[in-house]
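# Close look at the chain arrangement
Take a look at the letters that make up each chain.
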Number of protein chains: 2
Amino acid sequence: MPRDSDCVFCKIVAVELPAAVVYENESIIVFLDVNPLAEGHLLVIPREHYSSIVDMPPTQCSALFSAVPTLGRALMKVTGAEGFNVLLNNGRAAGQAVSHVHCHLVPRKTTDDLGYRWNAKKYSPGRDAQLTAAYHEALAQQ
Amino acid sequence: MPRDSDCVFCKIVAVELPAAVVYENESIIVFLDVNPLAEGHLLVIPREHYSSIVDMPPTQCSALFSAVPTLGRALMKVTGAEGFNVLLNNGRAAGQAVSHVHCHLVPRKTTDDLGYRWNAKKYSPGRDAQLTAAYHEALAQQ
């Protein structure tokens, strides 16, 4: 199984570092984030080391998210949250702090100080069609 | 296939409303968000209507995310982004604006004005162990 000997999350997978594990299966381990954005904030990580989600085979990527419904129900029960964010920061520019793919489940309440900075824009006329064509081309080349 | 006759995203699935579709398969449709946080911001939705991810069968939830590696590579190529966020807001308190499960892929650059409000805390001694036990109990009851 791919592993990076310097990776904190690989050490948690190998039980060389402690973590408050709440769930695990053959593909993933789920534990409390030690720097929680809210009580009960969970991290879901693959057992295998991938620094970027774009390098994960589709089946591995699917496995990373397959427990989210179950975990989400437990999260809402345990924390009393009204909702939650599923958040994966991919790349340093996106806020990825540990270079082993990980997905945050962040409990949310209407009154909290969390959430994404929602600075939405609009496309100028025709720009959306240009981008759509560029996506079709990029996807056809993969 | 479950559908909500008032749902904007169900209407996109049924091709009753237009969308800038960049990818689709038997489970999902992917299109440009009309109110983008950044150029090339994508929405991934399941063809079936679920208002909450906690109601999705694990296989459907997996299918929602299986194309993320492929889409992520295309997104970085098309937009020149250095990274991206995978974000699913579940519940109004979490920022969910359309009540049909949808996952945002938000292109990110180091210099942008986006990202999650990262107000991290610490657990008081023993609180993490209490929460871990509560998660074990909640997950055992499912």
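You'll find the structure just up there.
Summarised in this report is the structure supplied together with it.

## Focus on the packing of helix α3 (residues 68–79) of chain A against helix α4 (residues 127–140) of chain B
Where α3(A) meets α4(B), the axes come as close as 9 Å, and the angle between the chain directions of the two elements is 125°. Judged by the angle between their axes, α3(A) and α4(B) are oblique. As for the relative orientation of α3(A) and α4(B), their crossing is right-handed in sense. Across the interface between the two elements, T70(A), L71(A), A74(A), L75(A), K77(A), V78(A) and T79(A) of α3(A) pack against L131(B), A134(B), Y135(B), A138(B) and L139(B) of α4(B). For the contact of α3(A) with α4(B), the per-class residue count stands at nine nonpolar, two polar and one charged.

## Considerations on the relation of the copies chain A and chain B
Once chain A has been moved 0.0 Å along the axis and rotated by 180°, it coincides with chain B to within an RMSD of 0.0 Å. On the angle and the small slide along the axis, the relation comes out as a two-fold axis. Here 100% of the contact residues of chain A are again contact residues in chain B; the copies associate through an equivalent surface.

## Here's the deal with the sheet that holds strand β4 (residues 83–90) of chain B
Across the sheet, ten strands lie side by side as β1(A)-β2(A)-β3(A)-β5(A)-β4(A)-β4(B)-β5(B)-β3(B)-β2(B)-β1(B); this open sheet has antiparallel pairing. Across the chains shown, the open sheet's two edge strands, defined by having one partner strand only, are β1 (21–24) of chain A together with β1 (21–24) of chain B. On average, each strand axis in the sheet is tilted by 20° relative to the strand beside it, whichever way the strands run. Here β1(A) pairs with strand β2 (residues 28–32) of chain A via three bridges, running antiparallel. Looking across to β2(A), one finds that E24(A) is bridged to I29(A).

## A word on the packing of aromatic side chains
Residue and element names in this part refer to chain A. According to the stated counting rule, one finds five aromatic pairs over all chains in the structure shown. Aromatic pair Y116 and W118: ring centres 5.8 Å apart, planes at 70°, arrangement edge-to-face. We classify Y116 as buried; its relative accessible area is 6%. Exposure remark for W118: the relative accessible area of 38% places this residue in the partly exposed category.

## Quick word on the pattern of salt bridges
Applying the stated criterion across every chain, the model contains ten salt bridges over all chains. The closest approach of N and O atoms between K121(A) and D113(B), which form a salt bridge, is 3.7 Å. Here D113(B) lies in the loop between β5 (103–108) and α4 and K121(A) lies in the loop between β5 (103–108) and α4 (127–140), a pairing that spans two chains.

What counts, and where the lines are drawn
- Residues numbered from 1 in each chain as written.
- Chains lettered and ligands numbered in written order.
- Predicted model: local features only at pLDDT ≥ 70, side-chain atom pairs only at ≥ 80, totals over all residues.
- Heavy atoms only, no water.
- Axes fitted to C-alpha atoms, helices over the stretch in contact; angles between N-to-C directions.
- Helix = DSSP H or I, 4+ residues; strand = E, 2+ residues; numbered from the N terminus.
- Parallel < 35°, antiparallel > 145°, perpendicular 65-115°, else oblique.
- Left-handed = near helix turned anticlockwise from the far one by under 90°.
- Contact = heavy atoms within 4.5 Å.
- Nonpolar A, V, L, I, M, F, W, Y, C, P; charged D, E, K, R; others polar.
- Least-squares fit on C-alpha atoms with pLDDT ≥ 70 in both.
- Pairing = 2+ DSSP bridges.
- Phe/Tyr/Trp six-rings, centres within 6.5 Å; stacked < 30°, edge-to-face > 60°.
- Buried < 20%, exposed > 50% of the residue type's maximum accessible area, 1.4 Å probe, protein only.
- Salt bridge = Lys/Arg side-chain N within 4 Å of Asp/Glu carboxyl O.

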